[in-house]
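# Descriptive analysis of the structure
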Amino acid sequence: MMGELVVIDGTAGGGQMLRNAVALSAVSGRPVRVVNIRGARPRPGLRPQHLTAVKVAAEACGATLAGAEIGSQEIEFRPGAIVAGREWRIDVGTAGSLTLVLQCLLPALAHAQGDSRVTLIGGTDVPFAPPIDYLREVFAPALAELGPRVEVWLERRGFYPKGGGEIEVAVGAPPGGAVDASPGLAPVSWTERGAPKRFQGRSYSLGLPGHIAERMREAAMEVLREAGCGEAEIEVEVVERGRSEGCGIALWAEFEGGRRLGGSALGRRGKRAEEVGREAAEGLLTEVEGGGAVDGHLADQLVVWLALVRGRSEFTTSRVTEHLRLAAEVAEAMVGCRVIIEEGRPARVVCDPRGLGC
């Protein structure tokens, strides 16, 4: 559908509002102008990873794009037809987060009339972004239940500031999916999660002594054991040499109802391995204790997808974040759905595409 130009003020939302607006524009066909991009940040405007995300989304849907340059605080995105499935190779050129670039690109690829394969080079495990293991173990399984098939292969990790990580992603449109509708996207009701089945994870290091990953693992297992979660299955991944150096740990809990919650932490110079492991485990336990079927990180990512579903969806989540509120704001402006957020423990989110008459 093509409609009037939507104007989104991105002052409060960092890169998230920009990515969500562009992703929804690419699929809906509605043009958008995003102003005051990252206006409240110390260095406002587009940074390399934001510019890469916008450009590849534009290429995916044949959009005309104005204002796309480093430091720009305003862009205009006028989408065309989504390009049928193809192969992509995207180099962010820095340690910019590959998972954040994918947040902008995946909705368009999932609505292409054909499968796509993407190679991305940059940061796989960097601050203020979901780590690659979260994408593989929490986000992709949830997305598969909506319809789109996303498979992720990790070729090598990349940490801040050098980057150099590489992943491959295969994206398949949902059965029956179309570019101008979304009959292949299934509405969901994720309000219950069932009893916990298992706690799993991955403790990893690149270019660092192997004992660091072991110590992160042991610290995380101790926290989970003391909380009554049983013996977690946490694998250790140690790579002695790479283009960058770093470490981290990603954990996830799987429940009888199929839901998964995640928690993670990254190492940094001066931060003990035990502290990293405990931080990840405590973060996961916070999500578990919050009672939601969806963790706080997945909640705002889901809104973009549920706004494109022809049908009412709902889920519960451990907490209401500012990212969730901003995602709802952009979805309502871009595609006319209604997003209801009910505070509570857990909080409840309803996404109703019919709510505003669409």
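Okay, so let's go over this structure.

About the criteria used
- Residue numbers run consecutively from 1 along every chain, following the written order of its sequence.
- Predicted model: local features are reported for residues with pLDDT of at least 70 only, side-chain atom pairs are reported and counted for 80 or more only, and whole-chain, interface and lining totals are derived from all residues.
- Only heavy atoms go into the side-chain values, all of them from the structure, while hydrogens and water stay out.
- Going along the chain from the N terminus, every DSSP run of H or I of four or more residues is numbered as a helix, and every run of E of two or more is numbered as a strand.
- Contacts: residue pairs with any heavy atoms within 4.5 Å of one another.
- Residue burial is assigned from relative accessible area. The probe radius is 1.4 Å, only protein chains are included, and a residue is buried under 20% of its type maximum, exposed over 50%, and partly exposed in between.
- We call two strands paired when DSSP finds no fewer than two bridges between them.
- Each reported salt bridge corresponds to a side-chain nitrogen of Lys or Arg within 4 Å of a carboxyl oxygen of Asp or Glu.
- Here an angle of 0 to 180 degrees is reported between the N-to-C directions of two axes, which are lines fitted to C-alpha atoms, with helices fitted over the stretch in contact.
- Planes of paired rings set the category: under 30 degrees apart is stacked, over 60 is edge-to-face and the rest tilted, where pairs are Phe, Tyr or Trp rings (Trp by its six-membered ring) whose centres lie within 6.5 Å.
- Two thresholds decide whether a charge sits over a ring: the Lys NZ or Arg CZ must be within 6 Å of the ring centre and within 35 degrees of the ring normal.
- For classification purposes, an angle smaller than 35 degrees is called roughly parallel, one larger than 145 roughly antiparallel, one from 65 to 115 roughly perpendicular, and anything else oblique.
- It is the rotation of the near helix from the far one that decides the hand of a crossing: anticlockwise by less than a right angle makes it left-handed, clockwise makes it right-handed.
- Under this grouping Gly is polar, as are all residues other than the nonpolar Ala, Val, Leu, Ile, Met, Phe, Trp, Tyr, Cys and Pro and the charged Asp, Glu, Lys and Arg.

Now for the side chain of Ser116. If you trace the backbone, Ser116 turns up in strand E6 (residues 116–122). With sequence-adjacent residues up to four places away left out, Ser116 is seen in contact with Gly85, Arg86, Trp88, Leu109, Val169, Ala170 and Val171.

Where burial is concerned, most of E6 is hidden: 6 out of the 7 residues are buried. Relative to strand E8 (residues 165–172), E6 runs antiparallel, the two being bridged by 7 bridges. Each residue of the ladder has a partner; that of Leu120, found in E8, is Ile167.

With the rule as written, the count across this model stands at 29 salt bridges. Note that Arg157 and Glu237 form a salt bridge whose closest N and O atoms lie 2.7 Å from each other. One end of the pair, Arg157, is in the loop between strand E7 (149–156) and E8; the other, Glu237, is in strand E11 (residues 233–239), with 80 residues separating them in the sequence. For the pair formed by Arg157 and Glu237, the shared burial category is buried. Where Glu314 meets Arg348, a salt bridge forms, and the shortest distance between an N and an O atom there is 2.7 Å.

Strand order in the open sheet made by the 4 strands is E11-E10-E12-E13, with mixed pairing throughout. Whereas interior strands pair on both sides, the edge strands pair on one side only; in this sheet they are E11 and strand E13 (260–266). Sheet twist, expressed as the mean angle between neighbouring strand axes with direction ignored, is 10 degrees. Relative to strand E12 (residues 246–255), strand E10 (residues 196–206) runs antiparallel, the two sharing 10 bridges. Paired with Arg198 across the two strands is Glu254, which belongs to E12.

Picture the strands of a sheet paired through backbone hydrogen bonds; they go either parallel or antiparallel. Judged by pairing direction, the sheet is mixed, and its 4 strands sit side by side in the order E1-E2-E4-E3 without closing on themselves. A single partner strand is all that each edge strand has here, and the edge strands are strand E1 (6–9) and strand E3 (64–66). Across the sheet, the axes of successive neighbouring strands diverge by a mean angle of 15 degrees, strand direction being ignored. As judged from the 4 bridges shared by E1 and strand E2 (residues 32–35), these two strands associate in the parallel manner. Residue pairing for E2: Val7 is matched across the bridge by Arg33.

This paragraph deals with the packing of aromatic side chains. Inspection of every chain in the model, using the stated rule, returns 1 aromatic pair. Taking NZ or CZ as reference, Arg157 lies 3.6 Å from the ring centre of Tyr204, over its face. In this structure, Arg259 is placed above the aromatic ring of Trp190, and the distance from its NZ or CZ to the ring centre is 4.1 Å.

As a packed pair, helix H5 (residues 211–226) and helix H6 (residues 273–289) sit with axes 7 Å apart at the nearest point and diverge in direction by 40 degrees. Taken together, the axes of H5 and H6 lie oblique to each other. Note on packing geometry: the crossing formed by H5 with H6 is right-handed. The segment H5 lies against H6, with Ile212, Arg215, Met216, Ala219, Ala220, Val223 and Leu224 engaging Ala273, Glu274, Val276, Gly277, Arg278, Ala281, Glu282 and Leu285. Of the residues contributing to the contact of H5 with H6, the split by class is 10 nonpolar, 1 polar and 4 charged.

With that out of the way, let us pick up the environment of Ala195. Relative to the helices and strands, Ala195 is located in the loop between strand E9 (189–190) and E10. On a C-alpha basis, the gap between Ala195 and Gly257 in space is 7.6 Å, while along the polypeptide they are 62 residues apart.

The next subject is the pairing of E10. Counting buried residues along E10, 8 of its 11 residues qualify, which places the element largely inside the surrounding structure. Note that E10 and E11 share 7 bridges and pair parallel. Directly across from Arg202, in E11, lies its bridge partner Glu235.

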